Amino acid sequence: MIVPLTHVLIFASILFSLGLVCVLIWRANVIMLLIGIEIMLNGAMLVFVGGSNHWGMADGQIFALIIMAMTSAEVSLALAMVVYLHRRKKTVNVDEFRELKD
Amino acid sequence: LKTALVLILLLPLLGGIFNILLGRMLSRRVVESTACAVVWGSFVASLIAAGAYSGPAVVEIGAWFSSFNLKVPITLYLDPLSLSLCLMITFVCGLIHLYSIGYMREDPGHVRFFALLNLFVWAMLVLVLAENLLLLYMGWEGVGFCSYALIGFWYREAKNASAGRKAFIVTRIGDVGLGIAIVWMFQLFDTLSITRLNQMGHLVTLGVITALGLLLLLGAMGKSAQAPLMVWLPDAMAGPTPVSAQIHAATMVTAGVYLLMRMFPLIGVSTVVCAAIAVTGALTAFYGATCAIVERDLKRILAYSTISQIGYMMLAVGSGAITAATFHLIMHAFFKALLFLGAGCVITAMHHEQDIFRMDRLRHLLPGVFWPFLAGALCLVGMPPTGGFFSKDTILAAVWAKGGMLYGALYMVGMFTVFLTAVYTFRMMFIVFGDPLAPIPLKQDRLHVQLKPLPRIMKIILVPLALLSLVGGIFNIPPYLGNGLLDSFLAPLNAAGGSLSHTAELVLQGIAVIAATSGIGVAWWYHGLERREVRRARADQPQKGINAFLQAGWYVDGLYRLLFIHPYRRLSAILWQRVDEGVIDDSLDRMAAGFGRTGQFLGRWGRGRVSVYMLSLAGGATLLIAWFAWEVL
């Protein structure tokens, strides 16, 4: 392994913060919010893989695979919900959906 | 030899793939000629293999897969049985391919049709040539798939599509038996090679062999349409007629018989299995013949007759007479293909009319079809000196030679079925083609439709098949006339059975001829001369009593509906309405409603904006992480 663990961790945290910023800033579009979540998940996955490589255990990689499977399930559900929300309000702006309060 | 064998298999496969991939872009002529050329090429390769044949040979072509102790190479086995079947399959299928050119002349789906026919030939050849059971099983399922796709070829009509499904599902019941048998044999003997399995029978107890034999018999019942799984074959006639001829008469349905012949050295030791095979065969032969007597759909008559004739082959296998079974299998392929193709000509000429009571005295209008059809009918009935006479007689002689109460009774059933066969065959002949003793030529205008002219190729194909049916007996003449070709060729396969003196055999043949002739007489008595008009009028009224029973195929379909389909539907209704909708859906709905209410309650404390939640989530997480970091560092 040429890439040391610290580099992996730094790269992963950059990815994670990018995703987080995307989630927090981009309110006009639910889909961008989902993409932000994906990027955050990928950052987390990278930490798992890097850690598993560093300690020479397969567990982290297996966990990364599980995350992938979970993510694909989550995305398919979330996209279906986006389509449904769009049909209801003709918009994908996050702040338009506030039925929980009003 | 190896090249020839590879070519036999590869040519139809390549033809099929070629037509699937490129067929749509090419002209009809190219598709047709490729499809026919590959099958005839395969026939030539079989001839070469026959020329180079010197003794049973196992040819390994390549590795297929292997893991742990399971090794399944692609191995082919050429012995007298597979060689003679190969020649028959490629020859008959080649003729049928040529015929299909005429038959499918106006059909837009010809690419799919020819591709499937080619794939079918390939799968059937794999089945026949396979040396291990897994390869055989691949061919077995391959022919099943092609048969399914071709029965439902005109899938736009729901009736045809469901006939295809029925065939697929019913044969699948039998395949379960075969699948279990294969896995079990591997577990017992640690090999799937047929040649080795056949030598290992003494390693296990007789009970195990019996169970294996019965499982294989179940597989054969499904594929070969034997009682009680014969219900799919009459419905399979929904497909195009060449398909009925190729798959459901000449080749595929005999796969079950072939399987039993192939495994006979293993399972033949068990007398129970032999008796079960023989009883199944005799019962089915009888069943098919009785149903055919009252059936009025031309193709379904032939389908019932196929069921009945395959019953004879099973009877022969059960009596240990492998030669007789092979001989009858080959003869049956010739004459039944001929009858089906002839029926296809009649049906095309009548604008796809299949009801025999709508046809009348076609002898004068379709002489080119009548004479070959008559040859096929005589062969089916078993009149000397046609091939069917010799083949059926060898079977009955073998059953008689077996002796004992059971086989004596089976011989009686078989002989009675010869009589029934003659009755239904000539009932069909007299109704469709007219009575030879009342030569009133039927004018074209007395028929309710204008006959459609037939493509010449369709009539020409009938001639070689008719000749083969008539003189096919020379392949295996009975011992009192000399030595049979097939008999000596297949000799190593036969189980030791009783042999008959020449006088006894002559007497048995005499009885068979008397039975057949009297059958023709009965058919003429009922449907000849002026009585035919009475019958014709009566046929249009609803049938009663025994006729209705036979016409519905002994109500076997209804019985299965009552026994299996109905309870299954009830069970599924319960599972659907009570379990799925009642328990699963309801509980989920309640849970969702509960979550919704909780959310409404909790939502009172928030502002209801997703972005604020996100921000507070991120802020909270930051605080937590910062606190952790403070503690740790």
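Rules of the game
- Residues numbered from 1 in each chain as written.
- Chains lettered and ligands numbered in written order.
- Predicted model: local features only at pLDDT ≥ 70, side-chain atom pairs only at ≥ 80, totals over all residues.
- Heavy atoms only, no water.
- Patch = residues over 30% accessible without salt bridge, like charges linked within 9 Å, V, L, I, M, F, W, Y side chains within 5 Å.
- Areas by Shrake-Rupley, 256 points an atom, 1.4 Å probe, with all protein chains shown as cover.
- Salt bridge = Lys/Arg side-chain N within 4 Å of Asp/Glu carboxyl O.
- Helix = DSSP H or I, 4+ residues; strand = E, 2+ residues; numbered from the N terminus.
- Buried < 20%, exposed > 50% of the residue type's maximum accessible area, 1.4 Å probe, protein only.
- Polar contact = N/O pair within 3.5 Å; in protein donor to acceptor, adjacent residues only side chain to side chain.
- Contact = heavy atoms within 4.5 Å.
- Buried area = accessible area lost by both parts, 1.4 Å probe.
- Nonpolar A, V, L, I, M, F, W, Y, C, P; charged D, E, K, R; others polar.
- Axes fitted to C-alpha atoms, helices over the stretch in contact; angles between N-to-C directions.
- Parallel < 35°, antiparallel > 145°, perpendicular 65-115°, else oblique.
- Left-handed = near helix turned anticlockwise from the far one by under 90°.
- Core = buried A, V, L, I, M, F, W, Y, C linked by side-chain atoms within 4.5 Å.
- Expected span 1.5 Å × (residues − 1).
- pLDDT = per-residue confidence, 0-100.
- Disulfide = S-S within 2.5 Å.
- Pairing = 2+ DSSP bridges.

Draft legend 1. Molecular detail of a nonpolar patch on the surface. A cluster of nonpolar side chains, namely Leu571, Leu575, Val579, Val583, Ile584, Leu588, Met591 and Phe595 of chain B, defines an oily patch on the protein surface of about 760 Å² accessible area. Considering the arrangement of structural elements, one finds Met591 of chain B in helix 24 (residues 556-603).

Draft legend 2. Main features of the environment of Arg156 of chain B. Residues and elements named next belong to chain B. Here Arg156 lies in the loop between helix 5 (133-151) and helix 6 (158-189). A relative accessible area of 74% means that Arg156 is categorised as exposed. Along the backbone, Arg156 and Thr205 are 49 residues apart, and their C-alpha atoms lie at a distance of 52 Å. Separated by 3.5 Å, the side chains of Arg156 and Tyr155 make a polar contact.

Draft legend 3. Summary view of the interface of chain B and chain A. Listed as interface residues are 14 residues of chain B and, on the opposing side, eleven residues of chain A. At the boundary of chain B with chain A, total buried surface from both sides reaches about 1100 Å², with 62% on carbon and sulfur atoms. Remark: the boundary between chain B and chain A carries zero salt bridges. At the boundary of chain B and chain A, one finds zero residue pairs in polar contact (both at pLDDT 80 or more). Where the side of chain B that touches chain A is concerned, the elements lending two or more residues are helix 24 and helix 25 (610-632) of chain B. Tallying contributions element by element places helix 25 of chain B first for the side of chain B that touches chain A, with six residues. Tallied by class, residues from the side of chain B that touches chain A come to five nonpolar, six polar and three charged.

Draft legend 4. Broad picture of the packing of helix 13 (residues 271-294) of chain B against helix 14 (residues 298-318) of chain B. Residue and element names in this part refer to chain B. Contact geometry of helix 13 with helix 14 gives a least axis separation of 7 Å together with a crossing angle of 160°. What the angle tells us is that helix 13 and helix 14 run roughly antiparallel. As helix 13 runs across helix 14, the sense of the crossing is left-handed. Seen from helix 13, the contacting residues are Cys274, Ile277, Ala278, Gly281, Ala282, Thr284, Ala285, Tyr287, Gly288, Ala289, Cys291 and Ala292; seen from helix 14, they are Ile301, Tyr304, Ile307, Ser308, Gly311, Tyr312, Met314, Leu315, Val317 and Gly318.

Draft legend 5. Structural view of the packing of helix 16 (residues 367-381) of chain B against helix 17 (residues 387-402) of chain B. All names here are of chain B. Running from amino to carboxyl end, helix 16 crosses helix 17 at an angle of 15°, the nearest separation of the two axes being 6 Å. It follows that helix 16 is roughly parallel to helix 17 by the angle criterion. Here the hand of the crossing between helix 16 and helix 17 comes out right-handed. Of helix 17, the residues touching helix 16 (which contributes Cys379, Leu380 and Val381) are Gly387, Gly388, Phe389 and Lys392. Grouping the constituent residues of the contact of helix 16 with helix 17 by class yields four nonpolar, two polar and one charged.

Draft legend 6. Inspection of the side chain of Arg262 of chain B at higher detail. Residue and element names in this part refer to chain B. Here Arg262 shows up in helix 11 (residues 255-262). Overall, the relative accessible area of 4% leaves Arg262 in the buried class. Dropping the residues within four chain positions of it, Arg262 is found in contact with Tyr77, Asp79, Leu81, Ser82, Val128, Ile194 and Asn198.

Draft legend 7. Structural context of the nonpolar core. Residue and element names in this part refer to chain B. Core analysis: the largest hydrophobic core is formed by 205 residues, its most contacted members being Met185 and Val346. Tallying contributions element by element places helix 15 (residues 322-349) first for this core, with 20 residues. For Met185, the contacting residues outside a window of four places in its chain are Leu133, Asp190, Thr191, Leu197, Leu212, Leu216, Met263 and Leu266.

Draft legend 8. Here's a closer look at helix 8 (residues 206-224) of chain B. Residues and elements named next belong to chain B. Between its first and last C-alpha atoms helix 8 spans 26 Å; for 19 residues at 1.5 Å apiece the expected length is 27 Å, and the two agree. Burial runs high along helix 8: 14 of the 19 residues are buried. Two residues or fewer after helix 8 comes Ala225, characterised by a positive phi angle close to 55°.

Draft legend 9. Expanded view of the confidence of the model for chain B. With 91% of its residues at a pLDDT of at least 70, chain B reaches an overall mean of 84. Model confidence for the complex: the whole-complex pTM is 0.79, and ipTM, which rates the interface, is 0.80.

Draft legend 10. Just the state of the cysteines, in detail. Residue and element names in this part refer to chain B. Considering all chains together, one arrives at zero disulfides over all chains under this definition. Here Cys36 stays free of any disulfide, with the sulfur of Cys93 as its closest cysteine sulfur at 11 Å. The cysteine Cys146 is free of any disulfide, with Cys93 supplying the nearest cysteine sulfur at 11 Å. Residue Cys146 is classed as buried on the basis of its relative accessible area of 3%.

Draft legend 11. Representation of the pairing of strand 1 (residues 57-67) of chain B. All names here are of chain B. One ladder, built from nine bridges, connects strand 1 with strand 2 (residues 70-78); its direction is antiparallel. Within strand 2, the position partnered with Val59 by the bridge is Leu76. With antiparallel pairing between neighbouring strands as the criterion, strand 1 and strand 2 make up a hairpin whose turn holds two residues, including Phe68 at a positive phi of roughly 50°.

Draft legend 12. Geometry of the pattern of salt bridges. Residues and elements named next belong to chain B. Scanning all chains against the criterion turns up eleven salt bridges over all chains. Residue Glu106 is joined to Arg105 by a salt bridge in which the shortest nitrogen-to-oxygen separation is 3.9 Å. Taking relative accessible area as the criterion, Glu106 reaches 59% and is therefore assigned exposed. Relative accessible area serves as the criterion here: at 43%, Arg105 is assigned to the partly exposed category. A salt bridge links Arg300 to Asp235; the nearest nitrogen and oxygen atoms lie 3.1 Å apart. Of the two residues, Arg300 is situated in helix 14 and Asp235 in helix 9 (residues 232-235); the sequence distance between them amounts to 65 residues. Given a relative accessible area of 22%, Arg300 falls into the partly exposed group. Linked by salt bridges that have partners in common, Lys166, Asp235, Glu295, Arg300 and Asp557 make up one network.

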